[in-house]
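Chain by chain, the residues:
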Amino acid sequence: MMRADKPAASYAKVGRRPDEVTLKPDGGQLWHRWRPPFSRRHWLAWRGRYNPKSLQRERLLVDKRPLWWTLGLGGLLIAVPFLSDQFVNIAAIFCIFAAINVIWTLIVGAAGIFSLATMAVVGLSAYAAAAANVYLGLPWPLMMPVGAAVGLIFGLLLALPSTRLDGLYYALLTLGIAEICRVSISQIKALAPSNSSINGVASFIPSAWHLQRPGLLLGFAGAFVLLLCALLVFRLVNTERLGLLLQTAREDEAFAEAVGIDYRRARWLVFVLASSALGAIGAFYAMFYRSISLAVFSLDQLLLLFAMIVIGGLGRSEGAVLGTAIVVLIDKGLIGLGPLRIIIVTAVMIIVALTAREGLTGIKAQFQAFRNRKKSERRAARTEKGGEVMPEEATEISDKQLIYRRLFDKRLRDALKSSITPDLIAEHRAKPLGQHSDALDRLLNYFRREEMPDKYAILRVGPLRSCSYRVMALSGRAGHPPRLVDDKLYPTLDEAYHAVFLLRINDLLAS
Amino acid sequence: MSGTLLAVRGLSAGYGPLRVLHDIDFSIAPGERLAIVGLNGHGKTTLFRAIMQLVGWQRGSILFDGKEIGGTRSLGEGRYTPGIVRLGIAMTPQGDAIFPGLTVREHLDCGAHAKTAWRDRTRRRERVYQLFPQLDELQGALVGKLSGGERRMVSIGRALMSDARLYLIDEPTLGLAPKVSKRVIEALVNIPLEGKAMVITEQNVALLSGAVSRMMGMHAGRLRGEVGHVGLA
Amino acid sequence: MDATLVIYALYLAAIYALMAIGISLVWSSIGMVNMAYGATFAVAGYAAYFAADSIAPAIRSWSTGVDGMVLLAVLTVMAGMIAGALFGILVYLVAFLPIHDKPNFAVRSLIVTLAINLAAVQALLFAFGPQQKALPRIFGVGRFNLLGTPMRLDQAITILTTIVLLGLVLLWLRISRRGLEIRAVMQNSEGAALCGISTRWTALPVMMLTGSLAGLAAVLLSQSIFVNPSAGTTPLIKGLTIALLGGLGSVPGAVLGAILVGFLEAITGIIPFLGQRYVLVVQFAFIVLVLLIRPRGLGGLLDETRE
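Being a predicted model, the structure only gives us computed values, none of them experimental.

Membership of the largest hydrophobic core comes to 195 residues, with the highest contact counts inside it found for Ile100, Trp104 and Ile292 of chain A together with Met32 of chain C. Each residue touching Ile292 of chain A, except ones within four places of it in the same chain, is listed here: Ala126, Tyr127, Ala130, Ser196, Ser197, Ile198, Tyr285 and Ala286 of chain A. Counting residues in hydrophobic clusters, the runner-up holds 34 residues, among them Tyr129, Tyr167, Ile185 and Met198 of chain B.

Below, the structure written as structure tokens:
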């Protein structure tokens, strides 16, 4: 006899998202996970399950972000060689700013330190690395370590007050420090004789290729690698142990402290790490442009960067990259528009901040929450006459049958409540074991269906001939004895039956 | 104006996935003084906050003087509260002194914030001072610096300053010494109702017995004690 | 320190106090950091400029004496304040009303007001170009002697106007019904709701009031500097730093901070090897120092502030 191996396609389409792409693996493959050699991590979050309705084996990708990252970055990498010189340059600038923003996101979003000294760190390290190259003859491969070292030292200084001050106060402090940096650099005549900028910095791009197509492509390649490194740093810090510590502090500082998590130290560590990374990016910045000028410290630049991370969504790397892409495209791509560009950027900023709770990347979650809320509100309104499910509660119940079971139960109870009359009770007292009228039968049938916990039972007390009865309630849990309900003694079994009946009616009316 | 002032039907409310109130039904007639008695954490405060639309979500009908102020809602807590206050419900929140930096006098004026009441505020203040003579001497003192009992009086006085027809007094004796508690309750009992109504929540039944016209128990988010039990002698 | 310097310091302090109190009041009553304050300043400056520009000939043909001067001064100040108040309404409509009861309001409103600030500055640049506009000397350029101290007329009038107007505002906050509302919302917005006070309707007069304070500051400061699209940036940064120095939300703290910073600026300006270009750096260094010693500013010394 032949049996269909696979159910019909329409039958497999069940559940909340029937068209979601799932793999249909065989046998043990369902639970198989590949991990890179010598590591204990999985790169992709697969989930194996049996579909609760079709009972088919399924594997689905729970977190699809790696796919999007690959698509986006890979697409950029493939597209760039075919773009015009101007857009290759824009792509490279995008990569540099995205790298800065990813690291800044680490400080603001993950560590929760509202620092505005990002560009100050970048600029200071860029100046230091450029000066080391131009005046001390440092070869270019060593510029990035020098930048990182300067960033580390500057980060250490900046981090000192970060745990003492909070929010706006620290933001102001860092803004002040950035301003102090700008002015002091502009005053060091020995450092930058011409117009406070250092020119002729050595670079990984051969000087013959400067502003030529191969040079632009190489510059883009370098910036792309920089962005990948920044994302790696973000990923390593944010999802490993340090990120976990920081998350506890974000959720509840007092509690984190109470369970012995030194979140201040974790924040401090992340801040210093990120500053060091920003320093390296600063050195790259100087190499990329072959010069460094005071414009890097300007408030407008900082505000533009702020617009980027805000549009994408504070605290997520994908938000930082997405926001950077949008703002850089508007700012550098539409350069013909003049001051109108900034107005467009601010318009995007306002629209995003007014509509999205957490930037563009938070829109999906926000929309889902909104839809769930509206759904459960409607459900609650529909069942106002006798459902049991509340707004916000229905979203927590995954088995929707439970919702309808409660609705049915509530209506049944309401109907039964209205049927309880003194006559009915008198009827039961007269004949506890039957012959019953229809109304009483319905009531007793409902009682019989009740769940085991707190179900009543009758206990015989004393010797068989002269016994009396008491009422007890079952615990409903194996190994847990029943408890006595009260200390009344009933001389006959019928009276005990009736007492149980009254107790149940009382429970029904009180529910 | 007989009948019911406030009719609550099937009111459930809570915060997020947590459900605090379960299908509350009760009503109150003009001139009544109702006490709701129950232990901490059983939903007395949530009941008041649901009437004022200050909870996370709620469901069920609340008719105040024939006007629906309930309904199904989640999020947007506090948005409609000023409107409900203007309809004529005054609530004194749990704890005390809602504006610690204002003086007693300014605090009372806040209660008479509605335009019509504002013109009349001096006379109303005098009435409050008659009820709580202690406050007369403390007119200029910051509420944050007063003792617990005095603050409670200010809080109740503020409710009395408004044109409310329904007073919701939440735990008037919370954290007070027994002697002071008695005085506060006495003052509440002495407030002439004249067609208005008052609901008081309290943990201590003994304090209120005999002082109110009706008493209801509250347990685990349900009202108990008002419902007559059939057949149980 | 000679008297001229003191007067100059007080003059700066007066203008900074207007800005700082505006920022402080908005923060403490409706929990929003108004970054659009710089734009309010610039817009009000332009409005005052155009108002003065268009009515000055008419007034001069009517009278060239003191009464004409006074009329011009009053009209210019009024124009600036009304423009500031209108811009305040705009900020209220865009940045406050749609999101004031939504999650994450503090950060989101900060972003929106910052964007409004940037957009307004760019729009001014777009409309009027980067040229600087000089407001007429509405208070005259005369000097007079007070108790043997020579004073510039405009500085003296600025100090007086600020003291009188700030006094009036603070008095209004103390005694009027609206003022009581604002202070109630400032202390506890849920409690205010229980008194029937709606935060939405309280925020509107606050925004108008603070907007007109910025307008006043713009007209007063434009007596010594020019109006240009980004004229508001420095006053915004200074106002913000002073508001923070004073402890956000504390009016006495803001006044004290403004006086300190005013004196600091006046003194830095005359020290030979520092000079005007170091004013901002010295100020920031001072504020960094104060914040390192007192993380919540000076405000905690004087009264309770919003958390």
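From this point on, the discussion continues.
A word on helix H5 (residues 153–175) of chain C. Given a rise of 1.5 Å per residue, 23 residues ought to cover 33 Å, and the 33 Å separating the end C-alpha atoms of H5 of chain C matches this to within 8%. Residues of H5 of chain C that are buried: Asp154, Gln155, Ala156, Thr158, Ile159, Thr162, Leu166, Val169 and Leu173 of chain C.

The next thing to look at is the domain arrangement of chain A. Entries for chain A in the domain assignment read domain 1 (19–63), domain 2 (69–355), domain 3 (365–418) and domain 4 (420–510). A C-alpha centroid distance of 49 Å is found between domain 2 of chain A and domain 3 of chain A.

A positive phi is found at Phe38 of chain A, a non-glycine position, where the angle reads about 65°. Tracing the backbone shows Phe38 of chain A in the loop between helix H1 (9–12) and strand S1 (46–50). For Phe38 of chain A, a relative accessible area of 90% puts it in the exposed group. Positive phi, normally seen in glycine, also occurs at Glu194 of chain B, with a value near 50°. Inspection of the secondary structure assignment puts Glu194 of chain B in the loop between helix H8 (178–190) and strand S9 (197–202).

With that settled, consider the pairing of strand S3 (residues 33–38) of chain B. All names here are of chain B. Counting buried residues along S3, 6 of its 6 residues qualify, which places the element largely inside the surrounding structure. Neither face of S3 is left uncovered, since the one carrying Arg33, Ala35 and Val37 and the one carrying Leu34, Ile36 and Gly38 both have all their residues buried. The pairing of S3 with S9 spans 5 bridges and is parallel. Each bridged residue has a counterpart across the sheet, and for Val37 the counterpart in S9 is Glu202.

Looking now at the interface of chain A and chain C. The partner chain C presents 40 residues to the 32 residues of chain A that form the contact. Taking both sides of the interface into account, the surface hidden between chain A and chain C amounts to around 3,300 Å²; carbon and sulfur atoms contribute 79%. Where chain A touches chain C, the interface holds 0 salt bridges. For the side of chain A that touches chain C, the secondary-structure elements that each account for two or more residues are helix H6 (167–187), helix H11 (299–312) and helix H13 (340–355) of chain A. The element contributing the most residues to the side of chain A that touches chain C is H6 of chain A, with 10 residues. Here the side of chain A that touches chain C is composed, by residue class, of 23 nonpolar, 4 polar and 5 charged.

Applying the stated criterion across every chain, the model contains 18 aromatic pairs over all chains. Site record: aromatic cluster; members linked through ring pairs are Phe284, Tyr285, Phe288 and Tyr289 of chain A. Looking at Arg59 of chain A, its charged tip hangs above the ring of Trp46 of chain A, at a distance of 5.0 Å from the centre. Over the ring of Trp118 of chain B we find Arg121 of chain B; its NZ or CZ atom is 4.1 Å from the centre of that ring.

Below, the discussion takes up the pattern of salt bridges. Summed over the entire model, instances satisfying the criterion amount to 29 salt bridges over all chains. Across the salt bridge formed by Glu106 of chain B and Arg183 of chain C, the nearest N and O atoms sit 2.7 Å from each other. Of this pair, Glu106 of chain B sits in helix H3 (residues 104–111) while Arg183 of chain C is found in helix H6 (residues 177–187), placing the two residues in two different chains. The closest approach of N and O atoms between Arg124 of chain B and Asp120 of chain B, which form a salt bridge, is 3.0 Å. For Arg124 of chain B, a relative accessible area of 8% translates into the label buried. Through salt bridges that share partners, Asp120, Arg123, Arg124 and Asp163 of chain B make up one connected network.

This brings us to the environment of Val91 of chain C. In this structure, Val91 of chain C sits in helix H3 (residues 66–96). Counting along the chain gives 55 residues from Val91 of chain C to Ala36 of chain C, while the straight-line C-alpha distance between them is 7.4 Å.

All names here are of chain A. Here 3 strands make up an open sheet; going across it, the order is S5-S6-S7 and the pairing antiparallel. The open sheet terminates on both sides in strands that have one partner only, identified here as strand S5 (456–461) and strand S7 (483–484). Pairing of S5 with strand S6 (residues 468–473), which is carried by 6 bridges, proceeds in the antiparallel orientation. Across the sheet, Tyr456 pairs through a bridge with Ala473, a residue of S6.

Okay, the packing of helix H3 (residues 85–110) of chain A against H11 of chain A next. Residues and elements named next belong to chain A. Their axes nearest at 10 Å, the elements H3 and H11 cross at an angle of 70°. Taken together, H3 and H11 sit at an angle that is classed as roughly perpendicular. Contacts from Phe97, Ile100, Asn101, Trp104 and Thr105 in H3 reach Gln301, Leu302, Leu305, Phe306, Met308 and Ile309 in H11.

The subject of this paragraph is the pairing of strand S2 (residues 18–28) of chain B. All names here are of chain B. Alignment of strand S1 (residues 6–15) against S2, held across 7 bridges, turns out to be antiparallel. Within S2, the position partnered with Tyr15 by the bridge is Leu18. Hairpin connection from S1 to S2: 2 residues lie between these consecutive antiparallel strands, with Gly16 at a positive phi of about 60°.

All names here are of chain C. Two numbers describe how helix H1 (residues 3–30) lies on helix H8 (residues 199–221): the axes approach to 9 Å, and their chain directions differ by 165°. Considering their axes alone, H1 and H8 lie roughly antiparallel with respect to each other. When the axes of H1 and H8 are compared, the crossing they make is left-handed. Along the contact surface, H1 presents Tyr11, Ile15, Leu18, Met19, Ile21, Gly22, Leu25, Val26, Ser29 and Ile30, while H8 presents Ala203, Val206, Met207, Leu209, Thr210, Leu213, Ala214, Leu216, Ala217, Leu220 and Leu221. The class makeup of the residues in the contact of H1 with H8 is 18 nonpolar, 3 polar and no charged.

A few words now on the side chain of Thr81 of chain B. Assignment of secondary structure puts Thr81 of chain B in helix H2 (residues 81–87). Separated by 3.0 Å, the side chain of Thr81 of chain B and the backbone oxygen of Met52 of chain B make a polar contact.

With that settled, consider the environment of Pro206 of chain A. Residues and elements named next belong to chain A. On the secondary structure map, Pro206 appears in the loop between strand S3 (198–199) and helix H7 (213–239). Classification of Pro206 by relative accessible area gives partly exposed; the value is 38%. Taking the C-alpha atoms as reference points, Pro206 and Ile180, 26 residues apart in sequence, are found 35 Å from one another. If we skip the residues at most four places from it in the chain, Pro206 touches Leu218 and Arg290.

Before going further, it helps to spend a moment on the side chain of Glu318 of chain A. With respect to the helices and strands, Glu318 of chain A occurs in helix H12 (residues 317–333). Sequence-distant contacts of Glu318 of chain A, that is, excluding residues within four places in its chain, are made with Arg65, Trp69 and Thr361 of chain A.

Thresholds, definitions, all that
- Residues numbered from 1 in each chain as written.
- Chains lettered and ligands numbered in written order.
- Predicted model: local features only at pLDDT ≥ 70, side-chain atom pairs only at ≥ 80, totals over all residues.
- Heavy atoms only, no water.
- Core = buried A, V, L, I, M, F, W, Y, C linked by side-chain atoms within 4.5 Å.
- Buried < 20%, exposed > 50% of the residue type's maximum accessible area, 1.4 Å probe, protein only.
- Contact = heavy atoms within 4.5 Å.
- Helix = DSSP H or I, 4+ residues; strand = E, 2+ residues; numbered from the N terminus.
- Expected span 1.5 Å × (residues − 1).
- Domains from an automatic or database assignment.
- Pairing = 2+ DSSP bridges.
- Buried area = accessible area lost by both parts, 1.4 Å probe.
- Salt bridge = Lys/Arg side-chain N within 4 Å of Asp/Glu carboxyl O.
- Nonpolar A, V, L, I, M, F, W, Y, C, P; charged D, E, K, R; others polar.
- Phe/Tyr/Trp six-rings, centres within 6.5 Å; stacked < 30°, edge-to-face > 60°.
- Lys NZ or Arg CZ within 6 Å of the ring centre and 35° of its normal.
- Axes fitted to C-alpha atoms, helices over the stretch in contact; angles between N-to-C directions.
- Parallel < 35°, antiparallel > 145°, perpendicular 65-115°, else oblique.
- Left-handed = near helix turned anticlockwise from the far one by under 90°.
- Polar contact = N/O pair within 3.5 Å; in protein donor to acceptor, adjacent residues only side chain to side chain.

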